[in-house]
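# Fold and contact review
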Amino acid sequence: ASIDAEPSSGTGSCDDPAAKVRPSLLLALDAVEADAFFCFTNLMAEVRDHFCSKLDHTELGITAKITRMEKLIEAKDPELGRALKRLRVAPTFYGFRWIALLSTQEWDLPDVLRLWDSLLADPHRFDFLLYFAVATVVSIRADLLENDDFAFAVKALQRFDGRVPMHSL
């Protein structure tokens, strides 16, 4: 089939871009919103446990994910884990938002798309997200350890603002 426009019926202008698009493509474009909604609802079905307060303190809820993230930090970098504990920088201060919002607040859209491409391609996507969050914390370990200050640590972690380029993580 040709990608040329269908013969004009005389109702549209020759300059009308829609007149140059095949009807099958127009039908596909009409389905984009429905397809995007389908994908969004499937993603939300996977993360729904993060938003159910009744599950907060179970192994399915957000608290368990944040606790697991904290344990991963301690396992990957014991010195940093001890420092954050000593400063009383609970991972809830930053990890809740990272996990619940899938890191969309910390990165610019092109970086979020790159992260989500990896996240959604991985069948263990939420394990991947936890490891990514741990890599994010560890990536600024030198600043956290050097400043050794609660306020600095919380601000640095809550407003990560791309301190480390996505490709490095």
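## Details of a nonpolar patch on the surface
Residues Leu25, Leu26, Leu29 and Val32 make up a contiguous nonpolar surface patch of roughly 330 Å² in combined accessible area. Inspection of the secondary structure puts Leu26 in helix α1 (residues 23-47).

## Observations concerning the nonpolar core
Core analysis: the largest hydrophobic core is formed by 36 residues, its most contacted members being Met69, Leu84, Val89, Tyr94, Val137, Leu144 and Leu157. Put simply, the parts of the chain that give this core at least two residues each are α1, α2 (62-76), α3 (78-86), α4 (92-100), α5 (109-121), α6 (125-139) and α8 (150-158). If one sorts the elements of this core by residue count, α6 sits on top with seven residues. The residues touching Met69, leaving out its near neighbours within four places in the chain, are Pro91, Tyr94, Gly95, Ile99, Leu130, Ala133 and Val134.

## What to know about unusual backbone geometry
One non-glycine residue, Arg88, adopts positive backbone phi at about 60°. One can find Arg88 in the loop between α3 and α4. The class for Arg88 is exposed, based on a relative accessible area of 67%. With phi around 65°, Ser103 is a residue other than glycine that occupies positive phi space.

What counts and what doesn't
- Residues numbered from 1 in each chain as written.
- Predicted model: local features only at pLDDT ≥ 70, side-chain atom pairs only at ≥ 80, totals over all residues.
- Heavy atoms only, no water.
- Patch = residues over 30% accessible without salt bridge, like charges linked within 9 Å, V, L, I, M, F, W, Y side chains within 5 Å.
- Areas by Shrake-Rupley, 256 points an atom, 1.4 Å probe, with all protein chains shown as cover.
- Salt bridge = Lys/Arg side-chain N within 4 Å of Asp/Glu carboxyl O.
- Helix = DSSP H or I, 4+ residues; strand = E, 2+ residues; numbered from the N terminus.
- Core = buried A, V, L, I, M, F, W, Y, C linked by side-chain atoms within 4.5 Å.
- Buried < 20%, exposed > 50% of the residue type's maximum accessible area, 1.4 Å probe, protein only.
- Contact = heavy atoms within 4.5 Å.

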